[in-house]
Amino acid sequence: MNAQRLLTSAGTTAAACLLAASPVLASGEGASETTLFTGDLGNIIWTLATFIVVLVLLGKFAWGPILGALQKREDFIRDSLNQAKTDRQAAEATLKKYSDKLHAAREEASAIVDEGRRDAVVVKQKIEADAKAQAEALVERAKREIGIATDTAVKELYGLSAKIATDAASRIIRKELSPSDHERLVAESIAELGGIGGNGRSEN
Amino acid sequence: MLELNQTLLAAASPLDHVYQWVYQRVDIGVGDSVFTPGGQITLFSNHVIMQIIAVLFLVLLIPRFARIRQSGDDVRDLTPRGFGNFIESICAYFRDTVARPVLGEHTDRFIPYIWTAFFYILFINLLGLLPLEPLTRGLVRGIFPGAHHGIGGSATGNIWVTGSLATCTLFMVVINGLRLGGMHYIAHFCPGPLWLAPLLVPVEIIGLIAKIFALTVRLFANMVAGHVLLAVLLSFIGLSYTAMGAGPATGIGIVVVLVSVAFNFLEIFVAFLQAFIFAFLTCLFIAQAVVIHHEHGDEHEEHASETAQA
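Residues numbered from 1 in each chain as written. Chains lettered and ligands numbered in written order. Predicted model: local features only at pLDDT ≥ 70, side-chain atom pairs only at ≥ 80, totals over all residues.

Helix and strand counts for chain A come out as three helices and one strand. Beginning at the N terminus, the succession of helices and strands in chain A can be written as α-β-α-α. Taken over 204 residues, chain A has a buried fraction of 11%. (Helix = DSSP H or I, 4+ residues; strand = E, 2+ residues; numbered from the N terminus. Buried ≥ 20, exposed ≤ 12 C-beta atoms within 10 Å, placed from the backbone.)

Set out below in structure tokens:
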């Protein structure tokens, strides 16, 4: 570095001069008139030297760590954002998966309920139809049984009536009637009863 | 009364506060020139000592606050606190907002130079605002017999200092332009057809020098102007005393002091602003040299925006 060499030479010269109190040292303000533009190579050397010292020292002890921290923070933020993005995407995927599952489950449940309801209606109708059919069958059977019972009763009544009538008639007229009369009377009675029985049955 | 008159005479020129007062010169055995008036160069002056003080502050303070935070906790380590936060937020602002849009991939290569330029100028500007001169006059006279002024003033109010800093930027621009831009950087000196080169190359070179000269003068003039303004304002107190007596001078004094306080705040702002402008333009000039444009349209646009900002 040219500036540094100059500085070094100036520095050594200055030190030597100060120690020896050499006459080359001129007193400051008397040497020339001071103006706004007062200055010389000395200022250039001092400025470059101080600036380079700051550049080197701060570069080593300040800017390095700061730049490192800034880069580290930048990376950290970028990584965090990327991580957050990935996490969010994963979370969204999971959410979608579960929401789909939930949706499917809900549909399934509602399908089950619907099916149950439909089955219930069918069962209800079947039960009703069965009950109706059974009731009708019962009524039919009852009617039939009533009919049979009526016929039986009528037949029994015929028999019984004929027997009673025969007994009574025979008890009353046994002595008075000849066997021929008797037979005629019996025949007439049966005929009569037959007429009644026929009437009785038709009334039912 | 006599003492007061002497004080008034001593502060006769408001420029006294911005001059460089040389304490000691050294003969380096070369002839008389602009750089070496009377064959001598400055060894110590108020500005040189202010520069040294600024360097001490910079080197002692900034690394203290920039120290890597090591608590083991990731998030805690990445969060600056206290004064380190101030330093780091400025650094981060320069890196992300100023440098990255123009320097792109070269940002981290040049950002230490830009940070150094900013803080070096800022510290010198701010130290220049301290009224050290009357306090240090005795001390300086003890060390350098014959010195009339104490330490004080802005070294950035010295055109030799600002010129040297701007020259550093010039070297950064040219060297890195050649190193990173290569032939593209050389070709940039002749943006038109080749037969126009005799006209365009000198114009481009003058343009480059003008940028550096503007950088020099902008910082110098801004720093001088603020100090001169404050000195002129305060000189009204003395002038009104001699012209009108103690009564009116007290009234004027109160107003002048209040206005000076306001201007001092403005000067603090200007100290930051000019340091920022210097660093910002340095960044822009380096970017123009190292970031290769394939379309010339872009370049002209940037030239235009830069002129507007200047």
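Once that is clear, we can look at the overall build of chain B. On a plain count of helices and strands, chain B comes out with 11 helices and two strands. Along the chain direction, N to C, the helices and strands of chain B fall in the order α-β-β-α-α-α-α-α-α-α-α-α-α. For chain B, with 310 residues in total, the buried portion stands at 35%. Within chain B, contacts between residues separated by at least 24 positions form 65% of all contacts whose residues are at least 6 apart in sequence. (Contact = placed C-beta atoms within 7 Å.)

With respect to the helices, strands and loops of the structure, B:Leu239 is situated in helix α9 (residues 197-244). Separated by 207 residues in the primary sequence, B:Leu239 and B:Asp32 place their C-alpha atoms 41 Å from one another.

Looking now at the interface of chain A and chain B. Taken together, the contact pairs 45 residues of chain A with 56 residues of chain B. Secondary structure elements with two or more residues in the side of chain A that touches chain B: α1 (2-20), β1 (26-27) and α2 (41-173) of chain A. If one sorts the elements of the side of chain A that touches chain B by residue count, α2(A) sits on top with 26 residues. A per-class count over the side of chain A that touches chain B returns 28 nonpolar, 13 polar and four charged. (Nonpolar A, V, L, I, M, F, W, Y, C, P; charged D, E, K, R; others polar.)

Residue and element names in this part refer to chain B. Taken across its six residues, strand β2 (residues 40-45) has six buried, putting it largely inside the fold. In terms of strand pairing, strand β1 (residues 22-27) meets β2 through five bridges, oriented antiparallel. Looking at the pairing, valine 26 lines up with isoleucine 41 of β2. (Pairing = 2+ DSSP bridges.)

This part takes up the confidence of the model for chain B. Residues and elements named next belong to chain B. Confidence in the prediction for chain B averages 85 pLDDT; 87% of positions are at 70 or higher. For residues 295-302, every residue scores under 50 in pLDDT, and the model assigns this stretch four contacts once sequence neighbours within four places are set aside. Counting contacts from residues 306-310, a segment whose pLDDT is below 50, to residues more than four positions away or on other chains yields two contacts. (pLDDT = per-residue confidence, 0-100.)

The next point concerns the nonpolar core. If you look at the biggest cluster of nonpolar residues, it comprises 81 residues, and the most contacted ones within it are B:Ile114, B:Phe118, B:Tyr120 and B:Cys283. Apart from residues no more than four positions distant in its own chain, B:Tyr120 is found in contact with A:Phe51, A:Val54, B:Ala54 and B:Leu58. (Core = buried A, V, L, I, M, F, W, Y, C linked by C-beta atoms within 7 Å.)

Residue and element names in this part refer to chain B. Packing of helix α4 (residues 82-103) against helix α10 (residues 246-290) leaves a shortest axis separation of 9 Å and a crossing angle of 25°. Considering their axes alone, α4 and α10 lie roughly parallel with respect to each other. The crossing of α4 and α10 is right-handed. Where α4 abuts α10, its residues Phe94, Val98, Ala99, Val102 and Leu103 lie against Ala279, Phe280, Cys283, Leu284, Ile286 and Ala287. Considering only residue class, the contact of α4 with α10 consists of 11 nonpolar, no polar and no charged. (Axes fitted to C-alpha atoms, helices over the stretch in contact; angles between N-to-C directions. Parallel < 35°, antiparallel > 145°, perpendicular 65-115°, else oblique. Left-handed = near helix turned anticlockwise from the far one by under 90°.)

Between its terminal C-alpha atoms helix α7 (residues 159-181) of chain B stretches 31 Å, which fits the 33 Å expected from 23 residues at 1.5 Å a residue. B:Gly182 sits one or two positions beyond α7(B) and adopts a positive phi of about 60°. (Expected span 1.5 Å × (residues − 1).)

The subject of this paragraph is the environment of A:Glu140. Residues and elements named next belong to chain A. Tracing the sequence through the fold places glutamate 140 in helix α2. Judged by the 10 C-beta atoms lying within 10 Å of it, glutamate 140 is exposed. Along the primary structure glutamate 140 and tryptophan 46 are separated by 94 residues, whereas in three dimensions their C-alpha atoms are 134 Å apart.

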